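Understanding the architecture of this molecule
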Amino acid sequence: MSEQPAAQGPASSTSPAVGRALDILVYLAGRSGPVKTAAIARDMDIPRSSAYHILAVLAERGFVTYLPKEQAYGLGMAAFEIGSAYLRHEPLERLARPVLRTLATRLGQTVHLGILHGAETVYLLKERPSTGRSGDLDADLVTDIGVRLPAHLTANGRAILAHSDAQVRALFPRPGDLITRTGKGPRSLAELLDLLARDRARGWSEETELVSRGFRSLGVAAFDHHGRPVAALSSTWHTHHSPHDPGQVRDALRQGAARLTSAVSGRAPGGGHSASKAPSRR
């Protein structure tokens, strides 16, 4: 007979520290930005000394991160990676695959599903159109399934990063973290935050020759039930050849991202992507 764990009551009744740590993580996950320790202790109804101790342990293990400028805590990379690991499993890919297939057919160019893993974009799915010049394009693309690229350079990664300045500061604390591939791209945290603020305001991200010379990409995020980005859809094409105006690519990706958001029972921040004009050519 296999041994089964005995039924227990709430975690806090048998293991208070573990229960409170998990409660704090859930609490931070539901907030739009970093929170001060005093506010956490007050809202969670726990002694401030206990909150400091639990947060210190969580920070040591990477589940929360302390932001000195704000004197507050936000979720750390360990918590994000656990969520990403869940989303990398079949449910997200299964739900996204028909969305990508529709977009690739509609646009006649390659479409990707990507997530963040630390400071990198990881491509989970790549859908090619059944006809057209995609074969010539794919021969030059570096964005195959499983490939990792610096998130601050990709339209896919920036579409996700645009929704958490605190996460960006934690990921890129030093200027040297902002590497380039083609000599183009943001060189400082301030420059990156300005780009991401623009991307957040318009609801999509764009890069031209930041990843590979001669290529341009657009990316749009999909969101979970907290309104936080869980993945992004993106499409890449030659700068000198595209079957569509960039505005058409953007609109198609936004529709696809909205469809994926709905499929994962999510919601976009503010109830939807902001309206915007067609992207300008840089």
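Residues numbered from 1 in each chain as written. Predicted model: local features only at pLDDT ≥ 70, side-chain atom pairs only at ≥ 80, totals over all residues. Heavy atoms only, no water.

**Digging into the nonpolar core**
Side chains of nonpolar character tend, in soluble globular proteins, to be buried together. Note the following rule: Working definition of a nonpolar core: buried Ala, Val, Leu, Ile, Met, Phe, Trp, Tyr and Cys residues. They are joined through side-chain atoms within 4.5 Å. Burial classification: accessible surface area is computed with a 1.4 Å probe over protein chains only, and a residue below 20% of its type maximum counts as buried, one above 50% as exposed, and the rest as partly exposed. Starting at the N terminus, helices and strands are each numbered in turn, a helix being any DSSP run of H or I of at least four residues and a strand any DSSP run of E of at least two. Only heavy atoms matter for contacts: two residues are in contact if any of them lie within 4.5 Å across the pair.
Within the largest apolar cluster, 26 residues are counted, with the highest numbers of intra-cluster contacts made by Leu113, Leu233 and Leu253. Elements represented by at least two residues in this core include exactly α6 (90-107), β3 (111-117), β4 (120-127), β7 (215-223), β8 (229-238) and α11 (246-263). Sorting elements by how many residues they give to this core places α6 first, with seven residues. If we skip the residues at most four places from it in the chain, Leu253 touches Leu103, Val111, Leu218, Gly219, Val220, Leu233, Ser234 and Ser235. Counting 17 residues, the second largest nonpolar core, distinct from the first, contains Ala162, Leu171, Ala221 and Ala268.

**Some points on the packing of helix α2 (residues 16-29) against helix α3 (residues 37-44)**
Heads up, the rule is: Helix axes use the C-alpha atoms of the stretch in contact, all axes being lines fitted to C-alpha atoms, and the angles between their N-to-C directions lie in the range 0 to 180 degrees. Roughly parallel covers angles under 35 degrees, roughly antiparallel covers those over 145, roughly perpendicular covers 65 to 115, and oblique covers all other angles. Left-handed describes a crossing in which the near helix is turned anticlockwise from the far one by less than a right angle; the clockwise case is right-handed. All amino acids are sorted into three groups, where Ala, Val, Leu, Ile, Met, Phe, Trp, Tyr, Cys and Pro are nonpolar, Asp, Glu, Lys and Arg are charged, and the leftover types, Gly among them, are polar.
The geometry of α2 relative to α3 is characterised by a closest axis approach of 11 Å and an angle of 110° between their N-to-C directions. For the element pair α2 / α3, the angle class is roughly perpendicular. Here the hand of the crossing between α2 and α3 comes out right-handed. Here Asp23, Ile24, Tyr27 and Leu28 of α2 lie close against α3, whose contacting residues are Ala39, Ile40, Asp43 and Met44. The residue makeup of the contact of α2 with α3, split by class, is six nonpolar, no polar and two charged.

**Description of the sheet that holds β7**
The strands making up a sheet are joined through hydrogen bonds of the backbone, oriented either antiparallel or parallel. Under the convention used in this document: Here a strand pair is declared whenever DSSP counts at least two bridges between the two strands.
Pairing within the open sheet is antiparallel, and its six strands lie in the order β5-β4-β3-β8-β7-β6. Of all strands in the sheet, those bounded by a partner on one side alone are β5 (148-150) and β6 (205-208). The mean inter-strand angle of the sheet, taken between neighbouring strand axes irrespective of direction, is 30°.

**Observations regarding helix α10 (residues 189-202)**
Applied cut-off: Any helix carries an expected span of 1.5 Å times its number of residues minus one.
Here α10 spans 20 Å end to end across 14 residues, near enough to the 20 Å set by a 1.5 Å rise per residue. Residues of α10 that are buried: Leu192, Leu193, Leu195, Leu196, Asp199 and Arg202. As for α10, its buried residues are in contact with α8 (155-161), α9 (165-171), β6 and α11. With its phi angle positive at about 90°, Gly203 sits one or two positions after the end of α10.

**Here's the deal with the confidence of the model for the chain**
Selection rule: How sure the predictor is of each residue is captured by pLDDT, a score from 0 to 100.
Taken residue by residue, the chain gives an average pLDDT of 82. The fraction at 70 or more is 81%. Within the chain, the lowest mean pLDDT, 47, falls on helix α1 (residues 11-14), and the highest, 95, falls on α8. In this model, residues 1-13 is a region of pLDDT below 50 whose contacts with residues beyond four sequence positions or in other chains number four contacts. Within the model, pLDDT remains below 50 along residues 272-282, and this stretch shows 36 contacts once partners closer than five positions in the same chain are excluded.

**Considerations on the pattern of salt bridges**
Rules: Each reported salt bridge corresponds to a side-chain nitrogen of Lys or Arg within 4 Å of a carboxyl oxygen of Asp or Glu.
The final tally for this structure, using the stated rule, is 11 salt bridges. Put simply, Glu120 and Arg148 hold a salt bridge, and the shortest N to O gap is 3.6 Å. With a gap of 28 residues between them, Glu120 in strand β4 and Arg148 in strand β5 connect regions that are remote in the sequence. Taking relative accessible area as the criterion, Arg148 reaches 45% and is therefore assigned partly exposed. One salt bridge in this structure joins Arg200 and Asp165, with 3.5 Å as the shortest N-O distance. Separated by 35 residues along the polypeptide, Arg200 in helix α10 and Asp165 in helix α9 bring together distant segments of the chain. Classification of Arg200 by relative accessible area gives partly exposed; the value is 32%. Residue classification places Asp165 among the partly exposed positions, given a relative accessible area of 25%. Each member of the salt-bridge network shares a partner with another, and the members are Arg158, Arg198, Asp199 and Arg202.

**Overview of the packing of α2 against helix α4 (residues 48-60)**
Look at α2 against α4: their axes get within 10 Å of each other, and the N-to-C directions meet at 75°. Taken together, the axes of α2 and α4 lie roughly perpendicular to each other. The residues of α4 that touch α2, namely those facing Ala17, Arg20, Ala21, Ile24 and Leu25, are Ser50, Ile54, Leu55 and Leu58. Here the contact of α2 with α4 is composed, by residue class, of seven nonpolar, one polar and one charged.

**So, the pairing of β4**
Of all eight residues in β4, seven are buried, a share of seventy percent or more. Pairing between β3 and β4: seven bridges, direction antiparallel. Counterpart to Val111 in the pairing with β4 is Glu127. Where β3 folds back on β4, the antiparallel hairpin that results is connected by two residues, among which Gly118 adopts a positive phi of roughly 65°. The sheet contact formed by β4 and β5 spans three bridges and is antiparallel. Opposite Thr121, over in β5, you have Leu149 as the bridge partner.

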